[in-house]
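Spelled out, the chains give:
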Amino acid sequence: MSRIVIISGFQVINNPRVAKEAAALAQAGHDVEVLGSILDLSSAQRTEALLHGARWRYTPMVDLVQGSWLDRARWLRARLRVKGAQWLHRFLGWESSAQLGYFTRRLFHYAHTRQADLYIVHLEPALWVGVKLMQAGHKVAMDVEDWYSEDLLPADRAKRPMGKMKAYEAKLLQDAAYVTTTSQALSQALARAYQATPPAVVYNTFPWAERDLLCGEVLDRQDPELVSLVWFSQTIGPGRGLEQLMQALHAVTQPFEIHLRGNPRPGMEAQLRALAPDFMQPHIYFHGVVPQAQLLARLAEHDIGFCGELSDCPSRDLTITNKSMEYLRSGLALVASDTAGQKELAEAVPQACFVYEQNQPTSLANVLNMLLPSQKRLQQAKQASLQAAMATYSWEQDAKVLLEQVQKALSQPSAQG
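Nothing here was measured: the structure is a model prediction, and the numbers come from that model.

Criteria and thresholds
- Residues numbered from 1 in each chain as written.
- Predicted model: local features only at pLDDT ≥ 70, side-chain atom pairs only at ≥ 80, totals over all residues.
- Heavy atoms only, no water.
- Pairing = 2+ DSSP bridges.
- Helix = DSSP H or I, 4+ residues; strand = E, 2+ residues; numbered from the N terminus.
- Axes fitted to C-alpha atoms, helices over the stretch in contact; angles between N-to-C directions.
- Contact = heavy atoms within 4.5 Å.
- Core = buried A, V, L, I, M, F, W, Y, C linked by side-chain atoms within 4.5 Å.
- Buried < 20%, exposed > 50% of the residue type's maximum accessible area, 1.4 Å probe, protein only.
- 1 Å grid on protein atoms, 1.4 Å probe; cavity = no way out; pocket = protein on both sides within 12 Å on 5 of 7 lines; lining within 4 Å.
- Points joined across faces, edges and corners; volume = space filled by probe spheres on them.
- Nonpolar A, V, L, I, M, F, W, Y, C, P; charged D, E, K, R; others polar.
- Salt bridge = Lys/Arg side-chain N within 4 Å of Asp/Glu carboxyl O.

Describing the sheet that holds strand 9 (residues 257-264)
Taken together, the six strands give an open sheet; going across it, the order is 10-9-8-11-12-13, and neighbouring strands pair in parallel fashion. At either end of the open sheet lies a strand with only one pairing partner, and these are strand 10 (284-287) and strand 13 (353-356). Averaged over all pairs of adjacent strands, the angle between their axes in this sheet comes to 25°, without regard to strand direction. Taken together, the seven bridges between strand 8 (residues 228-236) and strand 9 define a ladder with parallel strand orientation. Note that in strand 9 the partner of Ser 228 across the bridge is Glu 257. In this fold helix 14 (residues 340-348) packs onto strand 11 (304-307), strand 12 (333-337) and strand 13, with an angle of close to 140° to the strand it touches most, strand 13. Across the sheet, helix 15 (residues 361-371) lies against strand 8, strand 11, strand 12 and strand 13, angled at about 150° from strand 13, the strand it touches most.

Pasting the structure below:
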């Protein structure tokens, strides 16, 4: 049995990719620990539910719910440290690891004491941690969930230590025991950018077996006579293609239901409704976030899954989101913008995924007008989604890729030995 430590620093309930990885490795017989955080009561409750019956351990770098006064002191100190580092970067141009996240140094020191056989780093704070662990002689792998140095809009990039991020990415991509990422498009782009071996692709999929728990319950959908479209995320905000969806409604030929699930930013619901025509207003519904365990059932109520991602930065353009994979598993037709990642998916499952030109509401309306009147075409697309999910785009398939990479890494001699 090998000891594996997964490092993110973020809350695990907001990062299903880490949780799935931990479960798969524990199921394979490894001793698995995840380093993250717990920041509020709701997150603590959801984390407890996630860990119920789990074979892996979760160690928060800070626990603001059940932790002591020391955790709150650490949180305050970490926030002040990050604020100070951001100020130095803004006014003096100084770059430091503190600009990547709240617990970079604590993550490293804690991970270093574990003396694991393999460390797997996720997300921005772990970039620096992974490099430091490699320099200390540890065996490190990386999962590129996003292209971290290319994941932000220009205004946000100005706050990040871009030079250091690129240097950390280069070191890990070139020297890590293995690297995984979310699409072939992103894998090839990373390899070209850093003259590295293309990362193995582990899609943002979920277990096909969980479909056995579906009972056909309908909680969100209102009119079974209308086609129903769904979109979900943690946050309902700008820049997700929802504005284009509302604008496209002016050119659709028949009404249908639209269900948006997530926490709306202040004023966002009103902004989106203001873009939609009057005849569609009664058919637009907003729903709150549900736990991951309930999401499949809520999505499976509908007919079409909407993926309106925008190519406003390379990372968003190249990735294939968990949203797309959940729609496939739910048996929905996909209406997707023409990002490189989503075109990759559409080429693989053309009967299930229909692409429109992003930022062009008329193009989106044309795709909807093709699907909405044709029950036959819609049902064929939904069936094609299920077949693709069962055969290819499921966690059962992607876990095999992950376990193969881990086994190869563990069989390699360590730098320490």
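What to know about the sheet that holds strand 4 (residues 118-122)
Either a parallel or an antiparallel arrangement is found when strands of a sheet pair, and the pairing is made through backbone hydrogen bonds. Pairing within the open sheet is parallel, and its seven strands lie in the order 3-2-1-4-5-6-7. The open sheet has two free edges, formed respectively by strand 3 (57-63) and strand 7 (200-201), since each of these has just one partner strand. Bridge analysis of strand 1 (residues 3-7) against strand 2 (residues 31-38) gives five bridges, and the strand direction is parallel. Across the sheet, residue Ile 6 finds its bridge partner in strand 2, namely Val 34.

Concerning the nonpolar core
In this structure, Phe 256 and Ile 258 are the most contacted members of the largest nonpolar core, which totals 57 residues. Excluding residues within four positions of it along the chain, Phe 256 makes contact with Leu 226, Val 227, Leu 229, Leu 249, Met 280, His 283, Leu 368 and Leu 372. With 44 residues, the next largest nonpolar core counts Leu 123, Met 142, Leu 172 and Tyr 194 among its residues.

What to know about empty space enclosed by the protein
Enumeration according to the criterion identifies two cavities of 30 Å³ or more in this entry. Lining the largest cavity are Arg 17, Glu 21, His 122, Asp 143, Thr 180, Val 202, Trp 395 and Leu 402. The set of elements that each furnish at least two residues to the lining of the largest cavity consists of helix 1 (16-27) and helix 17 (395-411). Among the residues forming the lining of the largest cavity, the class breakdown is three nonpolar, two polar and three charged. In this structure, the second largest cavity spans a volume of roughly 40 Å³. Lining the second largest cavity, in full, are Asp 220, Val 230, His 259, Arg 261, His 287, Arg 298, Leu 299 and His 302. Elements represented by at least two residues in the lining of the second largest cavity include exactly strand 9 and helix 11 (292-299). Among the residues forming the lining of the second largest cavity, the class breakdown is two nonpolar, three polar and three charged.

Structural notes on unusual backbone geometry
For Gln 115, which is not a glycine, the phi torsion comes out positive at approximately 50°. Following the sequence through the fold, Gln 115 ends up in the loop between helix 4 (104-114) and strand 4. With phi around 70°, Leu 123 is a residue other than glycine that occupies positive phi space. Structurally, the position occupied by Leu 123 is in the loop between strand 4 and helix 5 (125-135). When its relative accessible area of 11% is taken as the criterion, Leu 123 is described as buried.

Digging into the pattern of salt bridges
For the structure on display, the rule yields 20 salt bridges. A salt bridge links Glu 269 to Arg 273; its shortest N-O distance comes to 3.2 Å. With Glu 269 and Arg 273 both in helix 10 (residues 268-275) and four residues apart, this pair spans about one turn of that helix. Given a relative accessible area of 32%, Glu 269 falls into the partly exposed group. Classification of Arg 273 as partly exposed rests on a relative accessible area of 23%. Here the residues in one salt-bridge network are Arg 3, Asp 31, Glu 33, Arg 57 and Arg 114, joined through shared partners.

A few points about the pairing of strand 11
On strand 11, burial covers both faces: Ile 304 and Phe 306 on one face and Gly 305 and Cys 307 on the other are all buried. In the sheet, strand 8 pairs with strand 11 via two bridges, with the strands oriented parallel. By the bridge assignment for strand 11, Val 230 is matched with Gly 305. Two strands pair when backbone bridges link them, and strand 11 and strand 12 are joined in this way by four bridges, in the parallel orientation. Among the inter-strand pairings, Ile 304 is bridged to a residue of strand 12, identified as Ala 333.

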